[in-house]
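Structural characterization, general
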Amino acid sequence: MTLQQFMNEAISPWMREDGPDSDIVLSSRIRLARNFSQYSFPILADESDLEHISSFIREEYEHQSFQDYQEFSFIPIQKLSPVERRVLVEKHLISPHLAEQDHSSAVLISKNEQVSIMVNEEDHLRLQLYYPGFQLTKALEKVFELDDWLEEKVNYAFDEKRGYLTGCPTNVGTGMRASVMMHLPALAWTQQINRMIPAINQLGLVVRGIYGEGSEAKGNVFQISNQITLGKSEEDIVEDLQSVAGQLIEQERKARNRIMEQSAKRLEDRIYRSYGILAYSRIIESKEAASCLSDVRLGIDLGVIENVSRSILNELMVLTQPGFLQQYAKKSLAPNERDVLRASLIRERIQLEN
Amino acid sequence: MECQECHQRPATLHFTQVINGDKTEVYVCEVCAKEKGYMTYPEEGYSLHHLLSGLFTSTNENQQNTARQQMSNLQCPQCEMTLSEFKRVGKFGCSQCYQTFEDYLDPIFRRVHSGNTTHHGKIPARKGGDMRIRKQVDAYRDELQRLIKNEAFEEAATVRDKIKELEKEIGGDEA
């Protein structure tokens, strides 16, 4: 397979589209946790119940299309190899938790990969919807439609006082996590982000690295999401997140301009050095790759680098993860072998556009 | 010092392993530490379960004894999860658990959700039919009060009719 073909398969079609403020916001995501009222939650449910839920979802929704998101494919997790599971995690189509399941679990994925519905994760259903760029309100509107569409056939566990009932007390109420993935290199360089995170936390929002809880912010990509799911309406939660993310966008732009004004040469030097490393290195670890990709992406945003497409950061951050590298090599690789393949894949990718 | 596992990256972590009484020192990089299982990461529920334990034990001794007794008796009729299991795992076994452990939940939710204990969001369209209507009625009632206060009686009458109509709908469902 050529790299171009591999990339086409690796990158979700929706990721190729630009959205509003997509120089800073890579994607907006909303996830809803839902459960069937008549079954125990997946941690306690019998295998036969989980199997029942899985086949119900398969029968009702496989090959169904939901609005303009195209038809769904049903993928049973148990049938996937460890590398295939990892690839789905790296594409953010399933959670690491779902990938680890030994019991009957599955995912429904829409053809353009904008919508995925995890079955028998911590909750019976986790509906997830992505939009490119900064489009939280749009994502909320669409995920509600998806929720209503499912609810026509599923008896949701819902209580007037507590809302949507979930396996974990941290999700009860709306069952909603809304998040935006932001590229904030200038705020990270100037250390401003470290001062802003505590303030953001006080507003009931959490800042994390891109692979969720506990992960560091690789390549200056931060995920900001709501912590509170009970007592606030979905619209209010989204509005809070929207306004904080809006502030961050503004501050990031200001910081970028300031750096450009005060030390353009230094910035240009850094961007080109990173470009050089990506274009010529023979061994590269994921952390260094992520940080260089962040610089190059900033270079593209600022018009310093012109012959590389903006989606390179998204693409290569996904492609150079261990799962993808092993899928590309079609064999399992030791960490040092991955570092070599990563370097060669990045070189090839950069040459594609030269 | 280089990592003892991959011999590539510098060793940034140091572990002491005791296997059958034999002590060995290991110097590894972060990547290998993670892959070879030297480092274990707390699960998502980790902090929550600690929080739950804290909430249950923060009472005085007498109360603790009663609480313990109640705990050992309290069990969810649907999934058979006991209160002490819930406390240990920090997760519910089924939707029925919310009713079973109802008396213990407010303080937990208050801590986790910044003081909130009741839902103020979406209501399922089909299942929540009546609930939706009742919420709408509540909203109309507030509006009615406001209109009366502002002496907008004509509009108030329209809202009152809307409330009557909706109430008829709920009554019809129940019959």
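Residues numbered from 1 in each chain as written. Chains lettered and ligands numbered in written order. Predicted model: local features only at pLDDT ≥ 70, side-chain atom pairs only at ≥ 80, totals over all residues. Heavy atoms only, no water.

**Re the overall build of chain B**
- Each helix and strand in chain B was counted, giving eight helices and two strands.
- When the helices and strands of chain B are read in sequence order from the N terminus, they spell out β-β-α-α-α-α-α-α-α-α.
- For chain B, buried positions account for 33% of its 175 residues.
- Restricting to contacts in chain B with at least 6 residues of sequence separation, those with at least 24 account for 31%.
- Surface accessibility of chain B: about 11300 Å² in total, with carbon and sulfur atoms responsible for 46%. (Helix = DSSP H or I, 4+ residues; strand = E, 2+ residues; numbered from the N terminus. Buried < 20%, exposed > 50% of the residue type's maximum accessible area, 1.4 Å probe, protein only. Contact = heavy atoms within 4.5 Å. Areas by Shrake-Rupley, 256 points an atom, 1.4 Å probe, with all protein chains shown as cover.)

**Section: the overall build of chain A**
- Across its full length, chain A carries twelve helices and ten strands.
- Taken over C-alpha atoms, the radius of gyration comes to 21 Å for chain A, in line with the 20 Å a tight globule of 354 residues would show.
- Projected onto its principal axes, the C-alpha positions of chain A cover 65 × 45 × 35 Å.
- Burial analysis of chain A (354 residues in total) assigns 61% to the buried set.
- Nonlocal contacts in chain A, meaning residues at least 24 apart in sequence, comprise 70% of its contacts between residues at least 6 apart.
- Looking at chain A as shown, the accessible area adds up to about 14000 Å², and 47% of this sits on carbon and sulfur atoms. (Rg over C-alpha atoms; globule rule 2.2 N^0.38 Å.)

**Describing the interface of chain A and chain B**
- Each partner contributes residues to the interface: chain A has 49 residues there, and chain B has 40 residues.
- Buried area between chain A and chain B, both sides added, is near 3900 Å², and the carbon and sulfur share of it is 54%.
- One can count eight salt bridges joining chain A with chain B.
- A salt bridge links Arg134 of chain B to Glu160 of chain A; the shortest N-O distance between them is 3.1 Å.
- Where chain A packs against chain B, one counts 21 residue pairs in polar contact (both at pLDDT 80 or more).
- For the side of chain A that touches chain B, the secondary structure elements donating two or more residues are helix 5 (136-151), strand 6 (158-159), strand 7 (163-164) and helix 12 (335-352) of chain A.
- Tallied by class, residues from the side of chain A that touches chain B come to 17 nonpolar, 15 polar and 17 charged. (Buried area = accessible area lost by both parts, 1.4 Å probe. Salt bridge = Lys/Arg side-chain N within 4 Å of Asp/Glu carboxyl O. Polar contact = N/O pair within 3.5 Å; in protein donor to acceptor, adjacent residues only side chain to side chain. Nonpolar A, V, L, I, M, F, W, Y, C, P; charged D, E, K, R; others polar.)

**Quick notes on unusual backbone geometry**
- Look at Asn220 of chain A: it is not a glycine, yet its phi comes out positive at around 55 degrees.
- Along the chain, Asn220 of chain A falls in the loop between strand 9 (205-208) and strand 10 (221-226).
- Look at Glu151 of chain B: it is not a glycine, yet its phi comes out positive at around 60 degrees.
- Of note, Glu151 of chain B is situated in the loop between helix 7 (129-149) and helix 8 (153-174).

**Some details on the packing of aromatic side chains**
- This model, assessed by the stated rule, comprises 13 aromatic pairs over all chains.
- Measuring from centroid to centroid gives 5.4 Å for Phe86 of chain B and Phe101 of chain B, while their planes differ by 15 degrees, and the two rings are stacked. Remark: Phe101 of chain B occurs in the loop between helix 5 (97-100) and helix 6 (102-112) and Phe86 of chain B occurs in helix 4 (residues 83-89); sequence separation between them is 15 residues.
- Phe86 of chain B sits in the buried class, given a relative accessible area of 0%.
- According to the relative accessible area criterion, Phe101 of chain B is buried, its value standing at 0%.
- An aromatic cluster of three or more residues is present, and its members are Tyr61, Phe66, Tyr69, Phe72 and Trp149 of chain A.
- One Lys or Arg, Arg34 of chain A, reaches over the ring of Tyr156 of chain A and ends 5.7 Å from the middle of that ring.
- Its guanidinium or amino end placed over the ring of Phe144 of chain A, Lys122 of chain B lies 5.0 Å from that ring's centre, counting from NZ or CZ. (Phe/Tyr/Trp six-rings, centres within 6.5 Å; stacked < 30°, edge-to-face > 60°. Lys NZ or Arg CZ within 6 Å of the ring centre and 35° of its normal.)

**A closer look at the domain arrangement of chain B**
- With domains assigned, chain B is organised as domain 1 (1-39), domain 2 (73-121) and domain 3 (128-171).
- Computed from C-alpha coordinates alone, the two centres of domain 2 of chain B and domain 3 of chain B are separated by 34 Å. (Domains from an automatic or database assignment.)

**Describing the UniProt feature "domain: UVR" (unreviewed entry) in chain B**
- In this structure's numbering, the residues bearing the UniProt feature "domain: UVR" (unreviewed entry) are residues 134-169 of chain B.
- Strand forms 0% of residues 134-169 of chain B and helix 92%; the C-alpha atoms that close the span are 10 Å apart. (UniProt positions renumbered as here; feature names shortened; annotations may be inferred.)

**Some thoughts on the pattern of salt bridges**
- Here the structure, examined in full by the defined rule, presents 33 salt bridges over all chains.
- Notably, a salt bridge pairs Asp147 of chain A with Lys122 of chain B, separated by 2.7 Å at the nearest N-O pair. Taken as a pair, Asp147 of chain A in helix 5 and Lys122 of chain B in the loop between helix 6 and helix 7 lie in two separate chains rather than in one. No difference in accessibility class separates Asp147 of chain A from Lys122 of chain B, as the two residues are buried.
- Residue Asp339 of chain A is joined to Arg342 of chain A by a salt bridge in which the shortest nitrogen-to-oxygen separation is 2.9 Å. Residue Asp339 of chain A and its partner Arg342 of chain A are located together in helix 12, separated by three residues, close to a single helical turn. Across the pair, exposure class does not vary: Asp339 of chain A and Arg342 of chain A are buried alike.
- Connected via shared salt-bridge partners are Asp18, Glu252, Arg256, Arg297, Asp301 and Arg310 of chain A.

**What about a nonpolar patch on the surface?**
- A contiguous nonpolar surface patch, about 210 Å² in accessible area, is contributed by Ile43 and Leu44 of chain A together with Val89 of chain B.
- Examined against the element boundaries, Ile43 of chain A turns out to sit in the loop between strand 1 (25-34) and helix 2 (47-61).
- By relative accessible area, Ile43 of chain A is classed as partly exposed at 47%. (Patch = residues over 30% accessible without salt bridge, like charges linked within 9 Å, V, L, I, M, F, W, Y side chains within 5 Å.)

**Digging into the environment of Phe41 of chain A**
- Following the sequence through the fold, Phe41 of chain A ends up in the loop between strand 1 and helix 2.
- As for Phe41 of chain A and Leu140 of chain A, which are separated by 99 residues in sequence, their C-alpha atoms are 25 Å apart.
- Discounting residues that sit within four places of it in the chain, Phe41 of chain A has contacts with Asn35, His124, Leu165, Thr166 and Gly167 of chain A together with Phe92, Gly93, Cys94, Ser95 and Tyr98 of chain B.

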